[in-house]
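# Structural overview
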Amino acid sequence: MVSAREFRGRDFLSLYDYSPEEINFMLDFAERLKDEQKKGITHHLLKGKTLGMIFKKSSTRTRVSFEVGMYQLGGFALFLSKDALQLARGETIEDTGKVFSRYLDGIMIRTFDQAEVEKLAEAADIPVINGLTDLFHPCQALTDIFTIREHKGKLKGIKLVYVGDGNNVANSLLMAGAKTGMNVVVCCPPGYEPHEEVLKKAVSAAELTGAEIQVLNDPATAMSGADVVYTDVWASMGQESEAQKRAEIFKPYQLNGELLKKAKDDCIVMHCLPAHRGEEITDEVIDGEQSVVFEQAENRLHVQKAVMALIMAD
Ligand code: CP
Ligand code: NVA
(Lines give C-alpha, C1' and ligand atoms only; values in the text may rest on other atoms or scores of the structure.)
(Ligands and ions follow the chains in the order given, each with its own letter.)
Protein backbone atom coordinates (compact mmCIF):
# COMPACT_ATOMS: atom_id res chain seq x y z
CA MET A 1 0.00 0.00 0.00
CA VAL A 2 1.29 3.41 -0.99
CA SER A 3 1.21 6.14 1.65
CA ALA A 4 1.73 9.92 1.43
CA ARG A 5 4.80 9.61 3.63
CA GLU A 6 6.89 7.91 0.94
CA PHE A 7 6.67 10.96 -1.35
CA ARG A 8 8.19 13.40 1.14
CA GLY A 9 11.41 15.05 0.03
CA ARG A 10 11.48 13.34 -3.37
CA ASP A 11 12.19 15.03 -6.67
CA PHE A 12 9.75 14.93 -9.58
CA LEU A 13 12.04 14.77 -12.61
CA SER A 14 10.43 12.08 -14.73
CA LEU A 15 7.54 9.62 -14.36
CA TYR A 16 10.09 6.88 -14.74
CA ASP A 17 11.07 7.45 -11.09
CA TYR A 18 7.56 6.62 -9.80
CA SER A 19 5.86 3.23 -9.63
CA PRO A 20 2.44 2.60 -11.19
CA GLU A 21 0.95 2.49 -7.66
CA GLU A 22 2.54 5.82 -6.75
CA ILE A 23 1.26 7.39 -9.96
CA ASN A 24 -2.26 6.19 -9.20
CA PHE A 25 -1.94 7.56 -5.68
CA MET A 26 -0.98 10.99 -7.06
CA LEU A 27 -3.94 10.90 -9.47
CA ASP A 28 -6.38 9.97 -6.69
CA PHE A 29 -5.03 12.72 -4.48
CA ALA A 30 -5.31 15.27 -7.30
CA GLU A 31 -8.91 14.17 -7.86
CA ARG A 32 -9.69 14.83 -4.20
CA LEU A 33 -8.02 18.23 -4.25
CA LYS A 34 -9.91 19.18 -7.42
CA ASP A 35 -13.31 18.06 -6.05
CA GLU A 36 -12.79 19.88 -2.79
CA GLN A 37 -11.45 23.03 -4.42
CA LYS A 38 -14.63 23.13 -6.54
CA LYS A 39 -16.69 22.90 -3.34
CA GLY A 40 -14.72 25.76 -1.82
CA ILE A 41 -12.76 23.55 0.57
CA THR A 42 -9.11 24.56 0.74
CA HIS A 43 -6.25 22.73 2.37
CA HIS A 44 -3.27 24.75 3.50
CA LEU A 45 -0.98 21.75 3.20
CA LEU A 46 2.06 23.92 2.41
CA LYS A 47 1.39 26.76 4.83
CA GLY A 48 4.41 29.03 5.10
CA LYS A 49 6.38 27.18 2.43
CA THR A 50 8.03 28.75 -0.61
CA LEU A 51 8.59 27.35 -4.07
CA GLY A 52 11.24 28.94 -6.32
CA MET A 53 10.43 28.71 -10.02
CA ILE A 54 13.39 29.02 -12.41
CA PHE A 55 12.37 29.71 -16.00
CA LYS A 56 14.86 29.58 -18.86
CA LYS A 57 12.02 29.28 -21.39
CA SER A 58 8.63 31.01 -21.79
CA SER A 59 5.51 29.78 -20.03
CA THR A 60 1.86 30.65 -19.57
CA ARG A 61 0.29 27.59 -17.95
CA THR A 62 3.21 26.25 -15.94
CA ARG A 63 4.06 29.55 -14.32
CA VAL A 64 0.50 30.52 -13.46
CA SER A 65 -0.67 27.08 -12.34
CA PHE A 66 2.33 26.57 -10.04
CA GLU A 67 2.04 30.06 -8.62
CA VAL A 68 -1.71 29.79 -8.01
CA GLY A 69 -1.28 26.23 -6.74
CA MET A 70 1.18 27.33 -4.08
CA TYR A 71 -1.14 30.17 -3.07
CA GLN A 72 -4.09 27.79 -2.75
CA LEU A 73 -1.99 25.46 -0.60
CA GLY A 74 -1.17 28.30 1.78
CA GLY A 75 2.35 28.84 0.48
CA PHE A 76 4.16 31.27 -1.76
CA ALA A 77 5.86 31.02 -5.16
CA LEU A 78 8.75 33.09 -6.48
CA PHE A 79 9.13 33.63 -10.21
CA LEU A 80 12.84 33.60 -11.10
CA SER A 81 13.60 34.30 -14.73
CA LYS A 82 17.05 33.20 -15.83
CA ASP A 83 18.12 36.74 -16.76
CA ALA A 84 17.49 37.98 -13.26
CA LEU A 85 19.63 35.26 -11.68
CA GLN A 86 23.41 35.01 -11.45
CA LEU A 87 23.00 31.81 -13.51
CA ALA A 88 23.00 34.14 -16.52
CA ARG A 89 26.46 35.37 -15.45
CA GLY A 90 28.01 31.96 -14.97
CA GLU A 91 27.06 30.85 -11.45
CA THR A 92 26.66 27.08 -11.58
CA ILE A 93 23.33 25.30 -11.25
CA GLU A 94 24.83 23.31 -8.35
CA ASP A 95 25.74 26.43 -6.37
CA THR A 96 22.34 27.89 -7.16
CA GLY A 97 20.71 24.73 -5.81
CA LYS A 98 22.77 24.77 -2.61
CA VAL A 99 21.90 28.41 -1.94
CA PHE A 100 18.22 27.93 -2.74
CA SER A 101 18.08 25.02 -0.30
CA ARG A 102 18.82 27.56 2.47
CA TYR A 103 15.82 29.76 1.58
CA LEU A 104 13.22 27.64 -0.16
CA ASP A 105 11.21 24.45 0.37
CA GLY A 106 11.11 23.36 -3.27
CA ILE A 107 12.34 24.34 -6.73
CA MET A 108 10.53 24.07 -10.04
CA ILE A 109 12.75 24.47 -13.10
CA ARG A 110 12.00 24.85 -16.81
CA THR A 111 15.10 24.60 -18.94
CA PHE A 112 16.66 22.98 -22.01
CA ASP A 113 18.90 20.18 -20.81
CA GLN A 114 17.49 17.39 -18.65
CA ALA A 115 21.01 16.92 -17.21
CA GLU A 116 20.84 20.42 -15.73
CA VAL A 117 17.68 19.51 -13.82
CA GLU A 118 19.35 16.35 -12.59
CA LYS A 119 22.44 18.29 -11.45
CA LEU A 120 20.23 20.75 -9.62
CA ALA A 121 18.35 17.94 -7.91
CA GLU A 122 21.60 16.29 -6.89
CA ALA A 123 23.02 19.48 -5.37
CA ALA A 124 19.83 20.72 -3.68
CA ASP A 125 18.56 19.37 -0.35
CA ILE A 126 14.97 20.23 -1.26
CA PRO A 127 12.61 18.64 -3.83
CA VAL A 128 13.13 19.65 -7.46
CA ILE A 129 10.27 19.53 -9.97
CA ASN A 130 10.85 19.31 -13.71
CA GLY A 131 8.69 22.02 -15.30
CA LEU A 132 9.79 20.96 -18.83
CA THR A 133 13.07 20.16 -20.50
CA ASP A 134 13.89 19.26 -24.11
CA LEU A 135 13.50 15.62 -23.03
CA PHE A 136 10.51 15.52 -20.66
CA HIS A 137 7.40 17.32 -19.48
CA PRO A 138 6.27 15.09 -16.60
CA CYS A 139 3.83 17.57 -14.99
CA GLN A 140 2.05 17.72 -18.33
CA ALA A 141 1.90 13.95 -18.82
CA LEU A 142 0.65 13.34 -15.27
CA THR A 143 -2.06 15.92 -15.90
CA ASP A 144 -2.89 14.31 -19.22
CA ILE A 145 -3.51 10.87 -17.75
CA PHE A 146 -5.55 12.52 -14.99
CA THR A 147 -7.71 14.18 -17.67
CA ILE A 148 -8.05 10.95 -19.64
CA ARG A 149 -9.09 9.07 -16.50
CA GLU A 150 -11.74 11.72 -15.82
CA HIS A 151 -13.19 11.32 -19.29
CA LYS A 152 -12.75 7.63 -19.93
CA GLY A 153 -13.00 6.32 -16.36
CA LYS A 154 -9.78 4.28 -16.71
CA LEU A 155 -6.36 4.21 -18.30
CA LYS A 156 -5.70 0.51 -18.78
CA GLY A 157 -6.53 -0.53 -22.32
CA ILE A 158 -7.17 3.03 -23.53
CA LYS A 159 -5.51 3.83 -26.86
CA LEU A 160 -3.82 7.22 -27.08
CA VAL A 161 -2.50 8.29 -30.45
CA TYR A 162 -0.02 11.14 -30.41
CA VAL A 163 0.43 12.58 -33.87
CA GLY A 164 3.29 14.95 -34.62
CA ASP A 165 6.81 15.51 -33.31
CA GLY A 166 8.40 12.87 -31.06
CA ASN A 167 9.29 15.60 -28.56
CA ASN A 168 9.37 16.13 -24.77
CA VAL A 169 5.57 15.78 -24.51
CA ALA A 170 5.58 12.58 -26.61
CA ASN A 171 8.41 11.13 -24.50
CA SER A 172 6.53 11.82 -21.28
CA LEU A 173 3.26 10.44 -22.63
CA LEU A 174 5.06 7.23 -23.57
CA MET A 175 6.31 6.93 -20.01
CA ALA A 176 2.89 7.78 -18.55
CA GLY A 177 1.20 5.14 -20.70
CA ALA A 178 3.83 2.52 -19.96
CA LYS A 179 3.41 3.06 -16.21
CA THR A 180 -0.39 2.93 -16.23
CA GLY A 181 -1.25 0.31 -18.83
CA MET A 182 -2.47 2.85 -21.38
CA ASN A 183 -1.54 1.99 -24.97
CA VAL A 184 0.41 4.77 -26.67
CA VAL A 185 1.07 5.14 -30.36
CA VAL A 186 3.42 7.93 -31.42
CA CYS A 187 2.88 8.71 -35.07
CA CYS A 188 5.59 10.94 -36.52
CA PRO A 189 7.57 11.56 -39.72
CA PRO A 190 10.66 9.35 -40.08
CA GLY A 191 13.55 11.02 -38.30
CA TYR A 192 11.31 12.69 -35.70
CA GLU A 193 10.72 9.68 -33.48
CA PRO A 194 10.74 9.87 -29.67
CA HIS A 195 14.07 9.67 -27.85
CA GLU A 196 15.52 6.18 -28.33
CA GLU A 197 16.54 5.64 -24.71
CA VAL A 198 13.15 6.85 -23.43
CA LEU A 199 11.38 4.55 -25.84
CA LYS A 200 13.41 1.60 -24.56
CA LYS A 201 12.62 2.47 -20.96
CA ALA A 202 8.93 2.86 -21.80
CA VAL A 203 8.85 -0.53 -23.51
CA SER A 204 10.47 -2.15 -20.48
CA ALA A 205 8.11 -0.39 -18.01
CA ALA A 206 5.18 -1.48 -20.18
CA GLU A 207 6.07 -5.12 -19.62
CA LEU A 208 4.83 -4.76 -16.04
CA THR A 209 1.52 -3.08 -16.90
CA GLY A 210 0.66 -4.65 -20.25
CA ALA A 211 0.67 -1.32 -22.09
CA GLU A 212 1.34 -1.49 -25.83
CA ILE A 213 3.89 1.01 -27.08
CA GLN A 214 4.22 1.69 -30.79
CA VAL A 215 5.92 4.17 -33.10
CA LEU A 216 4.34 4.52 -36.56
CA ASN A 217 4.73 6.84 -39.51
CA ASP A 218 1.31 6.71 -41.18
CA PRO A 219 -1.35 8.88 -39.45
CA ALA A 220 -4.38 7.20 -41.04
CA THR A 221 -3.26 3.75 -39.86
CA ALA A 222 -2.32 5.03 -36.40
CA MET A 223 -5.71 6.66 -35.78
CA SER A 224 -7.74 3.50 -36.07
CA GLY A 225 -9.44 2.71 -32.74
CA ALA A 226 -8.05 5.76 -30.92
CA ASP A 227 -9.80 6.77 -27.67
CA VAL A 228 -7.57 9.82 -27.29
CA VAL A 229 -5.90 11.85 -30.01
CA TYR A 230 -3.11 14.18 -28.94
CA THR A 231 -0.88 16.65 -30.72
CA ASP A 232 1.69 19.34 -29.93
CA VAL A 233 3.63 22.00 -31.82
CA TRP A 234 5.94 20.92 -34.63
CA ALA A 235 8.79 23.16 -33.47
CA SER A 236 9.34 23.22 -29.72
CA MET A 237 11.00 25.98 -27.73
CA GLY A 238 14.61 26.13 -28.84
CA GLN A 239 13.82 24.81 -32.36
CA GLU A 240 12.57 28.10 -33.79
CA SER A 241 15.17 28.12 -36.59
CA GLU A 242 13.79 24.79 -37.88
CA ALA A 243 10.16 25.92 -37.86
CA GLN A 244 9.85 26.49 -41.61
CA LYS A 245 11.47 23.19 -42.59
CA ARG A 246 9.38 21.33 -40.04
CA ALA A 247 6.14 22.96 -41.25
CA GLU A 248 6.65 21.25 -44.63
CA ILE A 249 7.67 17.86 -43.22
CA PHE A 250 4.84 17.70 -40.70
CA LYS A 251 1.99 18.80 -43.02
CA PRO A 252 0.56 15.27 -43.44
CA TYR A 253 0.43 14.99 -39.63
CA GLN A 254 -1.98 17.89 -39.09
CA LEU A 255 -4.82 16.99 -36.75
CA ASN A 256 -7.79 18.13 -38.82
CA GLY A 257 -11.43 17.06 -39.17
CA GLU A 258 -10.64 14.47 -41.81
CA LEU A 259 -7.93 12.76 -39.76
CA LEU A 260 -10.03 12.88 -36.61
CA LYS A 261 -12.83 10.92 -38.37
CA LYS A 262 -10.49 7.93 -38.50
CA ALA A 263 -10.42 7.66 -34.69
CA LYS A 264 -13.27 6.31 -32.53
CA ASP A 265 -16.46 8.42 -32.62
CA ASP A 266 -16.18 9.17 -28.91
CA CYS A 267 -12.47 9.94 -28.90
CA ILE A 268 -11.28 13.03 -27.08
CA VAL A 269 -8.82 15.57 -28.47
CA MET A 270 -5.89 16.81 -26.39
CA HIS A 271 -3.10 19.35 -26.80
CA CYS A 272 -0.74 20.52 -24.09
CA LEU A 273 -0.92 24.12 -25.44
CA PRO A 274 0.26 26.56 -26.61
CA ALA A 275 -1.21 25.56 -30.00
CA HIS A 276 -0.20 26.86 -33.38
CA ARG A 277 -3.68 26.87 -34.85
CA GLY A 278 -3.71 26.03 -38.55
CA GLU A 279 -0.43 24.11 -38.23
CA GLU A 280 -0.54 20.97 -36.05
CA ILE A 281 -4.25 21.39 -35.28
CA THR A 282 -7.15 23.13 -37.02
CA ASP A 283 -9.60 25.52 -35.31
CA GLU A 284 -12.39 23.09 -36.14
CA VAL A 285 -10.73 20.35 -34.08
CA ILE A 286 -9.33 22.34 -31.16
CA ASP A 287 -12.63 24.19 -30.72
CA GLY A 288 -14.75 21.14 -31.57
CA GLU A 289 -17.00 19.09 -29.29
CA GLN A 290 -14.40 16.39 -28.75
CA SER A 291 -11.73 18.78 -27.51
CA VAL A 292 -10.86 18.78 -23.80
CA VAL A 293 -7.82 21.05 -24.11
CA PHE A 294 -8.93 23.78 -21.75
CA GLU A 295 -9.95 21.32 -19.07
CA GLN A 296 -6.58 19.69 -19.60
CA ALA A 297 -4.95 23.09 -19.02
CA GLU A 298 -7.03 23.61 -15.85
CA ASN A 299 -5.99 20.23 -14.53
CA ARG A 300 -2.35 21.31 -14.44
CA LEU A 301 -3.32 23.27 -11.34
CA HIS A 302 -4.96 20.38 -9.49
CA VAL A 303 -2.38 17.77 -10.41
CA GLN A 304 0.65 19.93 -9.58
CA LYS A 305 -0.95 20.85 -6.24
CA ALA A 306 -1.06 17.14 -5.48
CA VAL A 307 2.58 16.68 -6.51
CA MET A 308 3.77 19.67 -4.48
CA ALA A 309 1.72 18.77 -1.43
CA LEU A 310 3.08 15.23 -1.48
CA ILE A 311 6.75 15.97 -1.99
CA MET A 312 7.07 19.29 -0.14
CA ALA A 313 5.01 18.55 2.98
CA ASP A 314 6.79 18.05 6.33
N1 CP B 1 1.68 23.20 -21.53
C2 CP B 1 2.55 24.05 -20.97
O3 CP B 1 3.49 23.66 -20.27
O4 CP B 1 2.29 25.36 -21.20
P5 CP B 1 3.26 26.59 -20.90
O6 CP B 1 4.42 26.48 -21.84
O7 CP B 1 2.40 27.79 -21.17
O8 CP B 1 3.70 26.53 -19.47
N1 NVA C 1 6.87 20.68 -26.98
C2 NVA C 1 6.56 22.02 -26.52
C3 NVA C 1 5.73 21.95 -25.28
C4 NVA C 1 5.35 23.29 -24.71
C5 NVA C 1 4.53 23.16 -23.46
C6 NVA C 1 7.86 22.77 -26.28
O7 NVA C 1 8.77 22.20 -25.69
O8 NVA C 1 7.95 23.93 -26.68
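Below is a summary of the structure that appears in this document. (Residues numbered from 1 in each chain as written. Chains lettered and ligands numbered in written order. Predicted model: local features only at pLDDT ≥ 70, side-chain atom pairs only at ≥ 80, totals over all residues. Heavy atoms only, no water.)

Quick look at the overall build of the protein now. Looking only at helices and strands, the protein features 12 helices and nine strands. Rg of the C-alpha trace for the protein: 19 Å, near the compact-globule value of 20 Å for 314 residues, within the 12% margin. In terms of overall dimensions, the protein has C-alpha extents of about 55 × 45 × 35 Å along its principal axes. Taking the intrachain contacts of the protein between residues at least 6 apart in sequence as the baseline, contacts between residues at least 24 apart amount to 75%. Surface summary for the protein: the accessible area is close to 13600 Å², and the carbon and sulfur share equals 49%. Looking at the protein, you have 36 positive and 47 negative side-chain charges, and the mean spots of the two groups are 4 Å apart. (Helix = DSSP H or I, 4+ residues; strand = E, 2+ residues; numbered from the N terminus. Rg over C-alpha atoms; globule rule 2.2 N^0.38 Å. Contact = heavy atoms within 4.5 Å. Areas by Shrake-Rupley, 256 points an atom, 1.4 Å probe, with all protein chains shown as cover. Lys, Arg positive; Asp, Glu negative; His and termini not counted. Charge placed at Lys NZ, Arg CZ, Asp CG, Glu CD.)

The next subject is helix 1 (residues 20-38). Compared with an ideal rise of 1.5 Å per residue, which puts 19 residues at 27 Å, helix 1 spans 27 Å between its outermost C-alpha atoms and is within 8% of the ideal. Its buried side turned inward, helix 1 meets helix 5 (138-152), helix 6 (168-180), helix 7 (196-209) and helix 12 (293-312). Count one or two residues on from helix 1 and you reach glycine 40, which has phi positive near 85°. (Expected span 1.5 Å × (residues − 1).)

Ligand 2 sits among Leu132, Asn167, Asn168, Asp232, Val233, Ser236, Met237 and Leu273. At 2.6 Å, a side-chain N or O of aspartate 232 approaches a nitrogen atom of ligand 2. A distance of 2.8 Å separates an oxygen atom of ligand 2 from a polar atom in the backbone of methionine 237. Bound to the protein, ligand 2 loses 95% of the 270 Å² it would expose on its own. Class assignment of the residues belonging to the shell around ligand 2 gives a composition of four nonpolar, three polar and one charged. (Near = heavy atom within 4 Å. Polar contact = N/O pair within 3.5 Å; in protein donor to acceptor, adjacent residues only side chain to side chain. Nonpolar A, V, L, I, M, F, W, Y, C, P; charged D, E, K, R; others polar.)

An order of 2-1-3-4 is seen for the four strands of this open sheet, with the pairing classed as parallel. Both edges of this open sheet fall to strand 2 (76-81) and strand 4 (128-130), since each of them pairs with a single strand only. Averaged over all neighbouring strand pairs, the angle between strand axes comes to 20°, with direction disregarded. Direction of pairing for strand 1 (residues 50-55) relative to strand 3 (residues 106-110): parallel, over a ladder of five bridges. (Pairing = 2+ DSSP bridges. Axes fitted to C-alpha atoms, helices over the stretch in contact; angles between N-to-C directions.)

Surveying the vicinity of ligand 1 reveals the residues Ser59, Thr60, Arg61, Thr62, Arg110, His137, Gln140, Cys272, Leu273 and Arg300. The contact in question runs from an oxygen atom of ligand 1 to an N or O atom on the backbone of threonine 60, over 2.6 Å. Taking arginine 61, its main chain carries an N or O atom lying 2.8 Å from an oxygen atom of ligand 1. Here ligand 1 loses 96% of its free accessible area of 260 Å² to cover by the protein chains. For the shell around ligand 1, the per-class residue count stands at two nonpolar, five polar and three charged.

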